[in-house]
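Spelled out, the chains give:
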Amino acid sequence: MEQEHINPARPRKVVLAPLDPVHDVGLKLIRRKLVDKGHNVTLLPPDLSPEEIVSRAKSEDPDFVMISRALSYGTSELLARFVDLCDAAGLRERAKLVAGGLSMKPEIAQELGFDAGFGPDTPVEVAVAYVEGEDVDLSNGSRQQTKVDLTAGFTYKFLDSEIGSLCTGIARQLICWANKRTSPGVERAHLRTAMEAERGCSPGYGQKLRSQYASLSSGEVKQWYCTGKPVSHTRPITQKEAGEIQSLSRKAGSPAFPRSQDILNDRNVFVQYGTGCPVMDAYHIYLSTAWGAKGVIHFDPSWGARNEGLLEQAWSHEHDGTVLTLDNLGLIKNGLIPGTMWQVRAHRGLNTPETVVLAHLAGADLTKINIVYGSLGAGTDPERLAVDGVEAMKLAARYNLPYDVVTNEELCGVPAAKAFAGMLVVVTAGVLLGGRPLLQPLFANSPEGMITGFTEHNFVDFNVAKMKVLFSIIDAPIWPGAPVGFLTQTQDRSQSSVMTALHAALALDCGAAAVTIASSDEAYAGGPITAPSRIDTLKATGAALRFFGNGGISPTPKAEAIAHELREAIAAVLRQIAARGDFVSSLYEGLLGDREDGAYPGRSGKGTVSLKQ
Amino acid sequence: MSVKHRILDGCDVETFMLCNDLEEGKALGLRLMAELGFEDADVVFCEMGGPGVRIRLRGYVYRPSADYRWYGLEVE
């Protein structure tokens, strides 16, 4: 829809007329915007005949006649007659004719002889831009996807001096303890760095290093390095599959963005991917970012956390989780819309430091590290993950890679106060090591919420209290997750989308730097997440943000009371750990979550830590 | 190529089915998916209320790692 350039500074004369008995809301919105911009606007009343509209418009000698039609019956005939009447009256010699409204399709308007047609989803700004002579692309929205530093502007200073002092003391003890130790995970991270540096430098590159690497691996991963036998349920990516991602990457260079999702443009909404297949992942990432996701998070298979070692080459996996290799990450990166933020998680298993290396080499923007969750909720031996986690944080600092410190152990039943105490110690260690961590409280109906009654009357107070207490303790970015709404979603996609959207809106309203959302398939375990279910929750989140706008969400006074209670409980946990004098022992002994809470120190990697030579 | 192979992964069918109880609703739903030609179908959500069930059915055309027939498709 092109038109000659019109000087927007010159006021235009516009006649607006509803071709309906009653409906003129859209025209009133356009009138308000046009008047605000200094144009001369006449809005005719509803229920005039086309002849009356033409007659009254002619007397105004307008530059534009814009009519709307909401009712669908007889629309084409009515509009065709209107155009004929305008022609007969000589109105078109000077004025441009525009049709819009619920029953309008732009292509039909133009077929009928209008200069432009605006469909029901057209923003008012588009109609105004047309009057002012600006080029208007009605096909799709466009936006410049831009990466954001989620940690910018935060000082990481403790605002709560007692908790700050406790965290600093405990974190120093943890770092000092870990500095004297090493593990196969730490050694493989260094080997991987060396192996990748040698890649392509010589024929049979890194054979010696690979052999060392294999000796530090276990299970099916070791078997692959030694015999070439693929890990169960995996197969190599084919040329055709790699080609499909390359082809998609060309499309991702000029993506189409639905205008309805523009509200997410300045919000940092992340989604998780990990279908097992890099091709399907690439499509899911592409459509999720088109519908408003600012960032995506790589999910690897659960066996990737329990085996020592990571594979090489590109693999497809028949089950949940996409195999973590530099080649797979490279393929996926190719399909990212430029400007998409990308997180590769390294938080929970036996390959934590090496995953940070891969995230860096692949060009990821963020990673995820948490010693406490990985130890108490994800099956890795606490001593091992403490050594690996500290190394991972050192690497992340070296690579200038921010990471979140997630507290999903709450899902096992660990009370928020214990989970937060652990998170704050790890965050403090991260800062002492020169890193830029983000706090990741769980936004969910956690077992604690149900048992204590914190979530009995609403889901707002407990979540708001979590944000309040963390913001009162430390000046650091908060990124609720992961994803928000855990244990509130059901298999009903309407309910699931609403719950996700409300949790996301609440988090952003509370000042979250970012938020991770699930698909509407979150509670469905019968098969892989599908593409439409991803769009469901992105659309719902957009709608919730539109609904609350700048109106905010008000908690009850209970939120303040819970926040106070949480603060006291966090401090009490930290005092116990400080008195114990050993962070890792505290993990084994249940100070950050015991068996009664539902936390069990993991066993993967037990006995693999050694003192440095 | 069948239109079905333009589906990226799965196709959901949502409707209200008249039935006597939840189990009958689910069974009817799966029969419907079979009649529509979905071989890999499941009930994602089903809730009884009043004269029948609100049901959401899913037919996976492609699960991850399958040999997708939309490869190389140039979507206009």
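Provided above is the structure to which this section pertains.
Sequence order sets the numbering: in each chain, residues are counted from 1 along the sequence as written. Just so you know, chain letters begin at A and ligand numbers begin at 1, following the order they were written in. Only residues with pLDDT of 70 or above have their local features reported here, since the model is predicted, and side-chain atom pairs are shown and tallied only from 80 upward, although totals for entire chains, interfaces and linings are computed over all residues. Derived side-chain values reflect all non-hydrogen atoms in the structure, with water molecules and hydrogen atoms excluded from consideration.

### Observations regarding the overall build of chain A
Strands are runs of DSSP state E lasting at least two residues, helices are runs of H or I lasting at least four, and both sets are numbered from the N terminus onward. Scanning chain A from terminus to terminus reveals 23 helices and 18 strands. Dimensions of chain A, computed from the C-alpha atoms along their principal axes, are close to 95 × 65 × 45 Å. Out of the 613 residues in chain A, the part that is buried amounts to 59%. Across chain A, every contact between residues at least 6 apart in sequence was considered, and the portion connecting residues at least 24 apart equals 77%. Areas reported here follow the Shrake-Rupley algorithm with a probe of radius 1.4 Å; residue values treat only the protein chains shown as occluding. For chain A, the exposed area adds up to about 23700 Å²; of that, 52% sits on carbon and sulfur atoms. Here the positive residues are Lys and Arg and the negative ones are Asp and Glu; neither His nor the chain ends is included. In this description, the location of a charge corresponds to atom NZ of lysine, CZ of arginine, CG of aspartate or CD of glutamate. In chain A, the 60 positive side-chain charges and the 68 negative ones have mean positions that sit 5 Å from each other. Working definition: with a 1.4 Å probe on protein chains only, accessible area under 20% of the residue-type maximum means buried, over 50% means exposed, and in between means partly exposed. Only heavy atoms enter the contact rule, under which two residues are in contact if any of them lie within 4.5 Å.

### Points about the overall build of chain B
Each helix and strand counted, chain B has one helix and three strands in total. If you list the helices and strands of chain B from N to C, you get β-α-β-β. With C-alpha atoms as the basis for the radius of gyration, the globule rule is written as 2.2 Å multiplied by the number of residues raised to the power 0.38. Rg of the C-alpha trace for chain B: 15 Å, well past the compact-globule value of 11 Å for 76 residues, more than 25% over. The dimensions of chain B, computed from C-alpha atoms along their principal axes, are 45 × 25 × 20 Å. A total of 76 residues make up chain B; the buried ones form 42% of that total. The contacts of chain B with a sequence gap of at least 6 include a subset with a gap of at least 24, amounting to 62%. Here chain B displays about 4200 Å² of accessible surface, and carbon together with sulfur accounts for 53% of that area. One finds the centroid of the 9 positive side-chain charges in chain B at a distance of 1 Å from the centroid of its 14 negative side-chain charges.

### What to know about the interface of chain A and chain B
Counting from both sides, the interface comprises 32 residues of chain A and, opposite them, 24 residues of chain B. When two parts are put together, the accessible area they lose, computed with a 1.4 Å probe and summed over both, is reported as buried area. The largest per-residue losses of area from chain A upon contact with chain B belong to M280(A), Y524(A) and P528(A), which jointly make up 25% of the total buried on that side. Salt bridges are counted wherever a side-chain nitrogen of Lys or Arg sits within 4 Å of a carboxyl oxygen of Asp or Glu. Where chain A touches chain B, the interface holds five salt bridges. Elements with a minimum of two residues in the side of chain A that touches chain B: α10 (239-252), α11 (278-290), β10 (315-317), α20 (493-509) and α21 (531-548) of chain A. The residue inventory of the side of chain A that touches chain B, partitioned by class, reads ten nonpolar, twelve polar and ten charged. When residues are sorted by character, Ala, Val, Leu, Ile, Met, Phe, Trp, Tyr, Cys and Pro go into the nonpolar class, Asp, Glu, Lys and Arg into the charged class, and all the rest, Gly among them, into the polar class.

### A short note on the nonpolar core
For this analysis, a nonpolar core means a set of buried residues of the types Ala, Val, Leu, Ile, Met, Phe, Trp, Tyr and Cys, connected via side-chain atoms within 4.5 Å. In terms of nonpolar packing, the biggest core is built from 119 residues, with W342(A), I570(A) and F583(A) touching the most fellow members. Considering each element in turn, this core owes the most residues, eleven residues, to helix α17 (residues 416-432) of chain A. When near neighbours in sequence (up to four residues on either side) are disregarded, F583(A) contacts I170(A), Q173(A), L174(A), I371(A), V372(A), V425(A), I577(A) and L592(A). Membership of the second largest hydrophobic core comes to 34 residues, among which are F257(A), M17(B), W70(B) and L73(B).

### Re the pattern of salt bridges
All names here are of chain A. All chains considered together, the criterion is met by 43 salt bridges over all chains. Notably, a salt bridge pairs E312 with R192, separated by 2.9 Å at the nearest N-O pair. Separated by 120 residues along the polypeptide, E312 in the loop between α12 (303-306) and β10 and R192 in helix α7 (residues 184-198) bring together distant segments of the chain. The class of E312 is buried, set by a relative accessible area of 5%. Across the salt bridge formed by R384 and E308, the nearest N and O atoms sit 2.7 Å from each other.

### Looking at the packing of helix α13 (residues 326-334) of chain A against helix α14 (residues 352-362) of chain A
Residues and elements named next belong to chain A. Running from N to C, α13 and α14 cross one another at 35 degrees; their axes reach a closest spacing of 10 Å. Note that α13 runs across α14; the crossing there is right-handed. Residues L326, L329 and K333 of α13 form the contact with α14, whose participating residues are L358, L361 and A362. Class assignment for the residues of the contact of α13 with α14 results in five nonpolar, no polar and one charged. Where helices are involved, their axes are fitted lines through C-alpha atoms of the stretch in contact, as for all axes, and angles between N-to-C directions lie from 0 to 180°. Helix crossings fall into two classes, left-handed where the near helix is turned counterclockwise from the far one by less than a right angle and right-handed where it is turned clockwise.

### With respect to the layout of surface pockets
All names here are of chain A. The volume enclosed by the largest pocket comes to roughly 860 Å³. Along its surface, the largest pocket is lined by 35 residues, and Q272, F299, D320, R345 and I529 are the ones closest to its centre. Elements represented by at least two residues in the lining of the largest pocket include exactly β8 (269-273), α12 and β16 (481-486). Here the lining of the largest pocket gets three residues from one element, more than from any other, and that element is β16. Of the residues that constitute the lining of the largest pocket, the class distribution is 17 nonpolar, nine polar and nine charged. Definitions used throughout: a 1 Å grid over protein atoms alone; a cavity as a set of points that fits a 1.4 Å probe which cannot get out; a pocket as an open set with protein on both sides within 12 Å along at least five of seven lines; a lining residue as one with an atom within 4 Å of a point. Grid points are joined across faces, edges and corners, and a volume is the space filled by probe spheres set on the points.

### Structural notes on α21(A)
The span you would expect from a helix comes to 1.5 Å times its residue count less one. For α21(A), which comprises 18 residues, the first-to-last C-alpha distance of 27 Å matches the rise-based estimate of 26 Å (1.5 Å per residue) to within 8%. In the core, the buried residues of α21(A) are packed alongside β8, α11, α20 and β17 (515-517) of chain A together with β3 (52-60) of chain B. After α21(A) finishes, the residue G549(A) shows a positive phi value of roughly 45 degrees.

### Some thoughts on a nonpolar patch on the surface
Residue and element names in this part refer to chain A. The patch calculation keeps residues exceeding 30% relative accessible area without a salt bridge and links them within 9 Å when they carry like charges or within 5 Å when they are nonpolar (Val, Leu, Ile, Met, Phe, Trp, Tyr). Taken together, the side chains of M450, I451 and L487 define a hydrophobic patch exposed on the protein surface, amounting to about 340 Å² of accessible area. With respect to the secondary-structure elements, I451 resides in helix α18 (residues 447-452). I451 sits in the exposed class, given a relative accessible area of 74%.

### Regarding helix α3 (residues 75-89) of chain A
Residues and elements named next belong to chain A. Spanning 15 residues, α3 covers 21 Å between terminal C-alpha atoms, matching the ideal 21 Å at 1.5 Å per step. Those residues of α3 not exposed but buried are T75, L78, L79, F82, V83 and C86. Relative to the axis of α3, the buried residues are bounded by an arc of 135 degrees and lie together on one face. Within α3, the exposed residues directed more than 90 degrees away from the buried face are E77, D84 and A88. Where α3 is buried, its residues meet α2 (50-60), β3 (64-68) and β4 (96-100). The arc in question is the one spanned by the directions pointing from the helix axis to the C-beta atoms.

### Regarding the sheet that holds β8(A)
All names here are of chain A. Spatial ordering of the open sheet is given by β14-β13-β12-β11-β9-β8-β17, a layout of seven strands whose pairing is parallel. This sheet does not close on itself; its edge strands, each paired only once, are β14 (437-440) and β17. On average, adjacent strands in this sheet sit at an angle of 30 degrees to one another, irrespective of strand direction. Across the sheet, α21 is in contact with β8 and β17; its angle to β8 comes to roughly 170 degrees. A strand pair is defined by DSSP finding two or more bridges across the two strands.

### Concerning the packing of aromatic side chains
All names here are of chain A. Side-chain rings of Phe, Tyr and Trp, where Trp is taken by its six-membered ring, are said to pair if the distance between their centres is within 6.5 Å; with planes under 30 degrees apart they count as stacked, over 60 as edge-to-face, and otherwise as tilted. Applying the stated criterion to the full structure yields 15 aromatic pairs over all chains. Ring centres of W224 and W315 lie 5.8 Å apart, and the angle between their planes is 85 degrees; this geometry places the pair in the edge-to-face category. Here W224 is found in helix α9 (residues 219-227), whereas its partner W315 is found in strand β10, with 91 residues between them in sequence. Classification of W224 by relative accessible area gives buried; the value is 7%. Considering the side-chain rings of F270 and W479, the 4.6 Å spacing of their centres and the 45 degrees angle between planes classify their relative orientation as tilted.

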